[in-house]
Amino acid sequence: MTEQLETPQDLECGLENAVLPYLRQDRIPHIWCPGCGIGTTVNCFCRALGDSGLDLDKVAIVSGIGCTGRTAGYLNLDSFHTTHGRAIPFATGLKLANPELKVVVYSGDGDLSAIGGNHLMHAARRNMDLMVVCVNNFTYGMTGGQVAPTTPIGPSQTTMPYGNFENPFNLPFLADACGAVYVARWTVYHVRQLAKAMREGLQKKGFVFIEALSPCPTLYSRRNRLGDGVDQVKYYKERSTIKNGADTKEVGLEFQGDIIVGKFVDRDRPTWLESMNSHYNKVLGDRFQTYGAPNGKD
Amino acid sequence: MEETLQADPKGVLTGVHFIDGDHAACEGALAAGCRFAAGYPITPSTEIVERFAARIPTVGGIFIQMEDELAASIAIQGAVWGGKKVMNVTSGPGLSLMMEHLGYAFMTETPCVWIDVQRGGPSTGLPTGPAQADMMQVKFGSHGDFEVIALTPNSPQECFDFTIRAFNLAETWRVPVFVMMDEVVGHMTERVDIPPASEIEVTERKWTRKRPGDYKIYGTTEQDPVPEMVKAGDGYRVHVTGLTHDERGYPNLTPGAQDRLVKRLVNKIRHNADKLVDIREDQVEGADVVVVSFGITSRVAMAAIDRARAKGVKVGSARLVITWPFPAARMREIARTAKAIVVPEMNMGQICREVELAVAGATRVVSLPHAGGTVHEVETILDAIMEAAR
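Residues numbered from 1 in each chain as written. Chains lettered and ligands numbered in written order. Predicted model: local features only at pLDDT ≥ 70, side-chain atom pairs only at ≥ 80, totals over all residues.

Things to note about the sheet that holds strand β7 (residues 182-187) of chain A
Next up, step 1: Read across the open sheet, the nine strands follow the order β9(A)-β10(A)-β7(A)-β8(A)-β4(A)-β3(A)-β1(A)-β2(A)-β12(B); overall the sheet is mixed. The open sheet terminates on both sides in strands that have one partner only, identified here as β9 (240-242) of chain A together with β12 (239-241) of chain B. Direction aside, the axes of adjacent strands within the sheet are offset by 20° on average.
Next up, step 2: Relative to strand β4 (residues 130-136) of chain A, strand β3 (residues 102-108) of chain A runs parallel, the two sharing six bridges. Paired with Gly108 of chain A across the bridge in β4 of chain A is Val135 of chain A.
Next up, step 3: Contacts from helix α8 (residues 191-203) of chain A reach β3, β4, β7, β8 (208-213) and β10 (259-266) of chain A within the one sheet, and its direction differs from that of β7 of chain A by about 160°. (Pairing = 2+ DSSP bridges. Helix = DSSP H or I, 4+ residues; strand = E, 2+ residues; numbered from the N terminus. Axes fitted to C-alpha atoms, helices over the stretch in contact; angles between N-to-C directions. Contact = placed C-beta atoms within 7 Å.)

Written as structure tokens, this is what we have:
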């Protein structure tokens, strides 16, 4: 067994861990609570990175603010922890400046769909070549459990103390309607499917949106007497139905209700950069040189 | 130290042009090597990005109109870490929206140029009328302590020249550098000479020569407080965060780390202010009255100064070319000999406060505020000079 160990840290831990090489080990332990699902999604992402065949020097990760927003800081990639809600426009600038990069946005539901909702819509509309991983725990974790645009009707949150009465976003439907070329939803129970979706997302060209449902035992679950992290994963297991190709209109979520998971959208259309290049080649002819050639030089 | 190169001829429109300040600023950016801009339309700055959008496809680079100013002001910073020189163009209301990202650029030491074509405020104010009322906003508008560099051109030629200088300063100091125009300078059309590329000096980004294992993203020394830079994709696997961080770029949320970081960032500019200040002086020595002005107001002031001199008054002019950092030491010297300092400006007394702070009662300081919408009347400044000289 020992011959297969890869790093001194493996030896110290006395175990072989396939995801360690993808993490900034000098940043561990992480800040996430026991039972939180974000770490599980990161585990899936690391495996997807390994399976993708991508040169990891050419993969960058961008996060916003929040619990999931800390993800960028733990991955051994070029990593950017930006401002609240603005991971997508930062990633847009990064990708367009250096098109040889694969740019991943990894953030939470509040960051991406509330304060950053406008950018999510427009990046999908433009088909910006970004993979967005949205860890949805139905709440604002970092600030102590406030209502989110994803909170289902019913559960209590600190700023909806008598239970939420606001209609939530159906995020896959939103991403689909705005033009994303790949839309999937999985839960942290579905680790193999989630890792596979992330690998497909890394290999897909265009705007990819992957929603990962994840427990927040410290705030959302405790406040609503849903048990610990394991209880939520059991709920995901019992009430999820896999429906690849499902109409995204039909995949909205209710409090502790049925969950439709799967790959909902997988289609192709030109990315923003492809559209720009083909348009300028057509209208400007020899005066224009294709931008972002494979060596990344303009 | 940073390297100085000649401008890339692809971006330089050598020749004599008759263009306005907005167009000239865009040509300055292209000459300086700006190859990425993200914009959001706002009067009276829009012509800068309109020209950039038209020019950049054949120069080689990207323009993208974003969904709002928040997006524009952070997309440019992503592009910096992708390796580009960038600019951010706006006017007052847009600048207000961009304030969080001004702090992010300062905290992460992301070199970038911000052009603010000032219009009357507050709020929507006077979209098509000039003002100089954002001077304090760029100095103090984002939360926390920070320092910027701000240049104040008074002609289309200076919009071209100072924009190049702004790009060079951004690379040298790794802070956001402002070109503080106003609606009049932005829309005034004059002769602009654009020299050959070989005569334009461009400061290269301070790229590291260290190898990934030896490189620390925010590694600095006592002698050189400006860290070396890399871009994403080069194998350095950097981490950049707006949180308080250490030399590795890793979050460190302790009072000690905060103290080290904020002091280094702020002192990078404060301790080097003497290298940065730039005042154009005319007959200040021996003057009874000195007019301190900047931007378009300096041209109106010059007309008043000429008329006062014709009446026999000893008047000097001190025009601020770099307004931030403020030339406080020079103001103190002027205050020792001048009977009065007159400060005309298109705001309700923003830079006058800085003058008062610097001279600390050593001489009389006369504020000449103007709420904006048009420039001062020459007579108003002349009357103030005559009154101060008495």
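Read on for the rest.
Some thoughts on the nonpolar core
Next up, step 1: Counting 212 residues, the largest nonpolar core has Val62, Leu94 and Val133 of chain A together with Val113, Ile149, Ile341 and Ile385 of chain B as its most contacted members.
Next up, step 2: Discounting residues that sit within four places of it in the chain, Leu94 of chain A has contacts with Ala60, Val62, Leu101 and Val103 of chain A together with Gly78, Ala79, Trp81, Gly82 and Ala232 of chain B. (Core = buried A, V, L, I, M, F, W, Y, C linked by C-beta atoms within 7 Å. Buried ≥ 20, exposed ≤ 12 C-beta atoms within 10 Å, placed from the backbone.)

Some points on the interface of chain B and chain A
Next up, step 1: Of the residues lining the interface, 39 residues belong to chain B; the matching set on chain A comes to 36 residues.
Next up, step 2: Breaking the side of chain B that touches chain A down by element, the ones donating at least two residues are β3 (34-39), α2 (46-59), β4 (62-65), α3 (69-81), α5 (99-108) and β12 of chain B.
Next up, step 3: At nine residues, α3 of chain B tops the list of elements feeding residues into the side of chain B that touches chain A.
Next up, step 4: Of the residues contributing to the side of chain B that touches chain A, the split by class is 20 nonpolar, 13 polar and six charged.
Next up, step 5: Both strand β2 (residues 78-81) of chain A and β12 of chain B contribute to a ladder of three bridges, which runs parallel. Looking at the pairing, Phe80 of chain A lines up with Val240 of chain B of β12 of chain B. (Nonpolar A, V, L, I, M, F, W, Y, C, P; charged D, E, K, R; others polar.)

Description of the domain arrangement of chain B
Residues and elements named next belong to chain B.
Next up, step 1: Segmentation of chain B into domains returns domain 1 (4-203) and domain 2 (279-389).
Next up, step 2: Look at where the C-alpha atoms of domain 1 and domain 2 centre, and you get two points 27 Å apart.
Next up, step 3: Among the secondary structure elements, those contributing two or more residues to the side of domain 1 that touches domain 2 are β7 (126-130), α6 (135-140), β8 (149-151), β9 (176-182) and α8 (183-187).
Next up, step 4: No other element matches the four residues that α6 contributes to the side of domain 1 that touches domain 2.
Next up, step 5: In terms of residue class, the side of domain 1 that touches domain 2 is made up of 15 nonpolar, five polar and three charged. (Domains from an automatic or database assignment.)

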